[in-house]
Amino acid sequence: MKRVLLTVKGKVQGVCFRRFTQQKAQSLGVTGYVRNKEDGSVEVLAQGAFPAVDHLIAWCEQGPPQARVDGVYVEEDEADEIYLDFSISD
């Protein structure tokens, strides 16, 4: 199992980034959450099989059609919470 915390920067709020990320994560079987941050970035916590999480990271580097991703910063996350689904948080 792989677990990462992503910070996605660029034009990523107001372009349905969270909804598209949730759909992609669910299609890959990845659990966790996505949320907007006050600084205009989006935070994604993703956990799941190594290839699925890596695929979600690669998708976040492009984002949905209306987004402009300037950078994705990836941190390994070692918390022990288990997420059963992928949710959109406020």
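Residues numbered from 1 in each chain as written. Predicted model: local features only at pLDDT ≥ 70, side-chain atom pairs only at ≥ 80, totals over all residues. Heavy atoms only, no water.

As annotated in an unreviewed UniProt entry, the chain is Acylphosphatase from Shewanella algae. Per UniProt, the comment on the chain under Catalytic activity (unreviewed entry) is "an acyl phosphate + H2O = a carboxylate + phosphate + H(+)". (UniProt positions renumbered as here; feature names shortened; annotations may be inferred.)

(A) Local environment of the UniProt feature "domain: Acylphosphatase-like" (unreviewed entry) in the chain. The positions that UniProt labels "domain: Acylphosphatase-like" (unreviewed entry) are, in the present scheme, residues 3-90. Helix makes up 28% of residues 3-90 and strand 40%. Its end C-alpha atoms lie 21 Å apart. (Helix = DSSP H or I, 4+ residues; strand = E, 2+ residues; numbered from the N terminus.)

(B) Seen up close, the UniProt feature "active site" (unreviewed entry) in the chain. Residues annotated by UniProt as "active site" (unreviewed entry) correspond here to Arg18 and Asn36. The greatest C-alpha distance among the residues just named is 7.8 Å, despite their covering 19 residues of sequence, which places them together in space. Position of Arg18 among the secondary structure elements: in helix α1 (residues 17-28). Taking the relative accessible area as the measure of exposure, Arg18 reaches 25% and is therefore partly exposed. Setting aside chain neighbours within four positions, we find Arg18 in contact with Val34, Arg35, Asn36, Ile88, Ser89 and Asp90. Here Asn36 lies in strand β2 (residues 31-36). Assessed through its relative accessible area of 26%, Asn36 is described here as partly exposed. (Buried < 20%, exposed > 50% of the residue type's maximum accessible area, 1.4 Å probe, protein only. Contact = heavy atoms within 4.5 Å.)

(C) A look at α1. The first and last C-alpha atoms of α1 sit 16 Å apart over 12 residues, in line with the 16 Å expected at 1.5 Å per residue. Within α1, burial applies to Phe17, Thr21, Gln22 and Ala25. Seen from one end, α1 has its buried residues packed into an arc of 130°, which puts them on one side. (Expected span 1.5 Å × (residues − 1). Arc of directions from axis to C-beta.)

(D) Up close: the sheet that holds strand β5 (residues 86-89). The 5 strands lie next to each other as β4-β1-β3-β2-β5, forming an open sheet whose pairing is mixed. Strands at the two margins of the open sheet, each flanked by one partner only, are β4 (68-76) and β5. Averaged over all pairs of adjacent strands, the angle between their axes in this sheet comes to 15°, without regard to strand direction. Pairing of strand β1 (residues 2-11) with strand β3 (residues 42-48) involves 7 bridges; the strand directions are antiparallel. When the bridges of β3 are listed, Val4 appears paired with Ala46. This element, α1, spans β1, β2, β3, β4 and β5 of the sheet and lies at about 170° to β5. Packing against the sheet, helix α2 (residues 50-62) makes contact with β1, β3, β4 and β5, and its axis sits at approximately 5° to β1. (Pairing = 2+ DSSP bridges. Axes fitted to C-alpha atoms, helices over the stretch in contact; angles between N-to-C directions.)

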